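If you want the building blocks of each chain, they are given just below.
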There are 2 protein chains.
Amino acid sequence: MDTPWECEMKATFAALEDRHRLDGRIRRFVDEAVRFHGFPAPGVILGAYMIDLALEKLEAEPGERFFAVAETKKCLSDSIGILTGCTPGSSKFLLFNTGRLSLAIGRDDGSGIAKCVRAFVVPGRTEGYPALRAWYFNDTAFGAKNKLPQLLEEILGAGRSILSWERVEVPIPSKDDQWKPVICPGCGEMVPDYLLEDGLCKACGKGSCYTKHDS
Amino acid sequence: MDTPWECEMKATFAALEDRHRLDGRIRRFVDEAVRFHGFPAPGVILGAYMIDLALEKLEAEPGERFFAVAETKKCLSDSIGILTGCTPGSSKFLLFNTGRLSLAIGRDDGSGIAKCVRAFVVPGRTEGYPALRAWYFNDTAFGAKNKLPQLLEEILGAGRSILSWERVEVPIPSKDDQWKPVICPGCGEMVPDYLLEDGLCKACGKGSCYTKHDS
């Protein structure tokens with residue numbers, strides 16, 4: 001259930017989209033990405049703009065299938081699976097966590113190398129958009145949360161103007177299906193051999209993400 | 001665009017769902033997860049069963065918000081974002097890649113610790129399901145691709161019977177918003193300081209996923 005603030009931000013964002021006359025494919029992309037992410041987060045909106053740009057430069061046909069690279073684990077990456085079909089759990093997705101606000105989409109022509117268009121934010125082009133600039137440069141003093149309406153307004157106002165693109169090639173990683181099953185002696189579950197640490201799965205060894213089991 | 005084989009497998013799976021009288025929430029979950037993933041992959045179907053089980057044990061209310069852990073990067077993980085709203089690009093999702101076929105879903109009660117139900121496959125319970133067992137233990141000699149209809153049939157036939165669950169607690173990782181922006185001298189884009197390697201972003205340094213830039 002959304003908090004009152006979240007409800008307010010969603011309504012604010014929808015009104016901004018109307019005011020900026022966002023329509024056609026970009027409206028659909030932004031709305032689908034925001035719906036999947038659950039909130040009009042700046043990154044997921046930028047991701048929708050990047051995908052729209054990349055698909056245009058690729059001269060993508062409806063229904064075509066792609067390979068995608070996310071350069072960040074953050075909200076921007078949520079736009080990829082829902083808009084391109086390159087879902088994080090599929091072999092059509094690579095997380096290459098440079099931390100740049102960027103993604104790449106391209107075709108696998110059967111050579112094993114995806115010919116991609118990479119879209120990215122050009123730092124200098126954020127000038128004139130103070131909230132967007134503060135968010136991009138993680139200027140916490142700016143108080144991004146309180147200024148989210150201004151930030152959303154600036155993102156829609158800027159649109160593609162803060163982005164650029166280039167062609168890149170990405171060798172598509174092979175599926176890691178060459179593993180042997182091991183039963184972890186700690187939990188008795190099956191784990192691929194290459195993920196064992198000191199003979200145990202990561203949940204039974206040191207550094208588990210779980211603090212307590214009371215089953 | 002789906003290949004003829006993919007079209008055939010989708011039709012086969014839909015017919016199997018009808019034959020097994022899959023309905024109610026689990027039908028909706030399986031269909032939504034498969035639609036998002038783009039294909040009736042065994043893992044994403046199992047993921048839907050795990051989420052259905054975990055939400056039942058949590059006595060989840062409609063619209064409740066959760067925190068989720070994926071224990072694999074593979075297709076199983078694609079079920080989480082679309083069915084629970086804990087999308088990979090959000091702070092409600094943790095990838096803890098043990099490689100176990102498992103996921104955990106729980107509530108953040110404000111303590112910073114999510115009280116979760118972890119659902120998982122019990123290896124011994126796959127007996128009696130030869131295709132499922134071969135897939136689970138990565139027995140490539142079995143020829144899983146050719147036997148996908150049998151595997152899908154067995155997954156729907158087995159349903160929850162191959163799963164178990166336990167309660168676990170997961171400290172929710174804090175948002176990594178304490179970073180400083182650095183302009184990478186290679187590409188001129190902004191990168192969080194903690195992701196730089198030898199003063200460059202990962203795309204400009206060694207080990208880039210890109211083989212060629214011709215922009």
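Just so it is clear, the model here is predicted, and its values are computed rather than measured.

Looking at this structure, I do not really get the packing of aromatic side chains. What am I missing?
Here a ring pair, both rings aromatic, is described through the centre-centre distance and the interplanar angle of the planes. Within this structure, the stated rule accounts for 7 aromatic pairs over all chains. Their ring planes at 85° and their centres at 6.0 Å tell us that A:Y210 and B:F96 sit as a pair that is edge-to-face. With one member in each of two chains, A:Y210 in the loop between β7 (190-192) and β8 (212-213) and B:F96 in the loop between β2 (93-95) and β3 (102-108) form a pair that bridges those chains.

Explain unusual backbone geometry to me, please; I cannot follow it from the model alone.
Generally, phi is negative for residues other than glycine and the peptide bonds are trans, each holding for most cases. All names here are of chain A. Phi is positive for D198, which is not a glycine, with a value near 50°. Mapped onto the secondary structure, D198 falls in the loop between β7 and β8. Looking at D198, the relative accessible area reads 78%, which means it is exposed.

Even after reading the chapter, I still don't get the packing of helix α3 (residues 42-57) of chain B against helix α6 (residues 148-158) of chain B, so can you show me in this structure?
Two numbers describe a pair of packed helices, the interaxial angle and the distance between the axes. Residue and element names in this part refer to chain B. Running from N to C, α3 and α6 point in directions that differ by 5°, and their axes come no closer than 11 Å. Relative to α6, the element α3 is oriented roughly parallel. The segment α3 lies against α6, with P42, I45, L46 and Y49 engaging L148, L151, L152, I155 and L156. Its residues assigned to classes, the contact of α3 with α6 shows 9 nonpolar, no polar and no charged.

In this structure, what is going on with empty space enclosed by the protein? I would like to understand it.
By rolling a water-sized probe across the atoms, one finds the places where empty space is left. Summed over all chains, the structure comprises 1 cavity of 30 Å³ or more. The calculated volume of the largest cavity comes to roughly 30 Å³. Forming the boundary of the largest cavity are A:F36, A:P88, B:F36, B:S77, B:D78, B:G81 and B:P88.

When you look at the interface of chain A and chain B in this model, what are you seeing that I'm missing?
When the parts of a complex come together, some accessible area is lost, and that lost area is often used as the size of the interface. Between chain A and chain B, the contact holds 70 residues from the first and 70 residues from the second. Counting each side, the surface lost to burial between chain A and chain B is near 5,700 Å², with a carbon and sulfur contribution of 53%. Looking only at chain A, the three residues that lose the most surface to chain B are A:R100, A:E189 and A:Y210, adding up to 12% of its buried area. Counting across the interface, chain A meets chain B through 8 salt bridges.

What should I look at first to understand the relation of the copies chain A and chain B in this one?
Each of the two chain copies goes to the other by way of a rotation about an axis and a shift along it. Between chain A and chain B, the superposition needs a rotation of 180° and an axial shift of 0.0 Å, giving an RMSD of 0.0 Å. As the rotation angle and translation indicate, the two copies are arranged about a two-fold axis. Considering only C-alpha atoms, the residue of chain A closest to the rotation axis is A:P88, which sits at 4.0 Å. When the interface residues of chain A are mapped onto chain B, 100% of them again fall at the interface, so both copies present the same face.

For this particular structure, what's the right way to read the domain arrangement of chain A?
Each domain of chain A was delimited in the assignment, giving domain 1 (4-171) and domain 2 (178-215). Taking only C-alpha atoms, the centre of domain 1 of chain A and the centre of domain 2 of chain A are 36 Å apart.

Got a minute to help me understand the pairing of strand β4 (residues 113-121) of chain B in this structure?
Across a regular strand the side chains alternate sides, sitting on one face of the sheet and then on the other. Residue and element names in this part refer to chain B. Most of β4 is tucked away, with 7 of its 9 residues classed as buried. The pairing of β3 with β4 spans 7 bridges and is classified as antiparallel. Within β4, the position partnered with A104 by the bridge is R118. Turn length for the β3-β4 hairpin, with the two strands adjacent in sequence and antiparallel, is 4 residues, and the turn residue G110 shows positive phi of about 100°.

Help me understand helix α6 (residues 148-158) of chain A, please; the structure alone is not making it clear to me.
Since the α-helix packs 3.6 residues into each turn, any two residues three or four apart lie on the same face. Buried within α6(A) we find A:L148, A:L151, A:L152, A:E154, A:I155, A:L156 and A:A158. Residues of α6(A) that are buried in the fold lie against α1 (4-19), α3 (42-57) and α5 (130-136) of chain A.

I would appreciate a short explanation of the pairing of strand β4 (residues 113-121) of chain A in the present structure.
Direction of pairing for β4(A) relative to strand β5 (residues 163-171) of chain A: antiparallel, over a ladder of 9 bridges. Across the sheet, the residue bridging to A:V121 is A:L163, located in β5(A).

How should helix α2 (residues 24-37) of chain B be read in this particular structure?
In a regular helix each residue adds 1.5 Å, so 14 residues correspond to 20 Å; α2(B) covers 20 Å between its end C-alpha atoms and thus fits that length. Buried residues along α2(B) sit in contact with α2 (24-37) and α4 (78-84) of chain A together with α1 (4-19), α3 and α4 (78-84) of chain B.

What exactly am I supposed to notice about the packing of α1(A) against α2(A) here?
Residue and element names in this part refer to chain A. Where α1 meets α2, the axes come as close as 12 Å, and the angle between the chain directions of the two elements is 170°. On the basis of the axis angle, α1 is roughly antiparallel to α2. Two secondary-structure elements touch here, α1 through F13, A14, E17 and D18 and α2 through R27, V30, D31 and V34. Across the contact of α1 with α2, the residue classes break down as 4 nonpolar, no polar and 4 charged.

Is there a simple way to explain the pattern of salt bridges in this structure?
A pair can form between side chains of opposite charge whenever their charged atoms are brought close. This structure, assessed with the given rule, holds 38 salt bridges over all chains. Note that A:R65 is salt-bridged to B:E6, the shortest N-O span being 2.5 Å. On the criterion of chain membership, the pair formed by A:R65 in the loop between α3 and β1 (67-70) and B:E6 in helix α1 is interchain, its members lying in two chains. On the basis of relative accessible area, A:R65 is assigned to the partly exposed category, the value being 36%. Of the charged contacts in the structure, one is a salt bridge between B:K10 and B:D2, with a shortest N-O distance of 2.7 Å. Residue class for B:K10 comes out partly exposed when judged on its relative accessible area of 31%. Residues joined by salt bridges that share partners form a network here, namely A:R25, A:D52, A:E56, A:K57 and A:R160.

In this structure, what is going on with the side chain of A:D52? I would like to understand it.
All names here are of chain A. Of note, D52 is situated in helix α3. What makes D52 buried here is its relative accessible area of 10%. What D52 contacts, discounting residues up to four positions off in sequence, is R25, I26, F29 and R160.

Scoring rules and cut-offs
- Residues numbered from 1 in each chain as written.
- Chains lettered and ligands numbered in written order.
- Predicted model: local features only at pLDDT ≥ 70, side-chain atom pairs only at ≥ 80, totals over all residues.
- Heavy atoms only, no water.
- Phe/Tyr/Trp six-rings, centres within 6.5 Å; stacked < 30°, edge-to-face > 60°.
- Helix = DSSP H or I, 4+ residues; strand = E, 2+ residues; numbered from the N terminus.
- Buried < 20%, exposed > 50% of the residue type's maximum accessible area, 1.4 Å probe, protein only.
- Axes fitted to C-alpha atoms, helices over the stretch in contact; angles between N-to-C directions.
- Parallel < 35°, antiparallel > 145°, perpendicular 65-115°, else oblique.
- Contact = heavy atoms within 4.5 Å.
- Nonpolar A, V, L, I, M, F, W, Y, C, P; charged D, E, K, R; others polar.
- 1 Å grid on protein atoms, 1.4 Å probe; cavity = no way out; pocket = protein on both sides within 12 Å on 5 of 7 lines; lining within 4 Å.
- Points joined across faces, edges and corners; volume = space filled by probe spheres on them.
- Buried area = accessible area lost by both parts, 1.4 Å probe.
- Salt bridge = Lys/Arg side-chain N within 4 Å of Asp/Glu carboxyl O.
- Least-squares fit on C-alpha atoms with pLDDT ≥ 70 in both.
- Domains from an automatic or database assignment.
- Pairing = 2+ DSSP bridges.
- Expected span 1.5 Å × (residues − 1).

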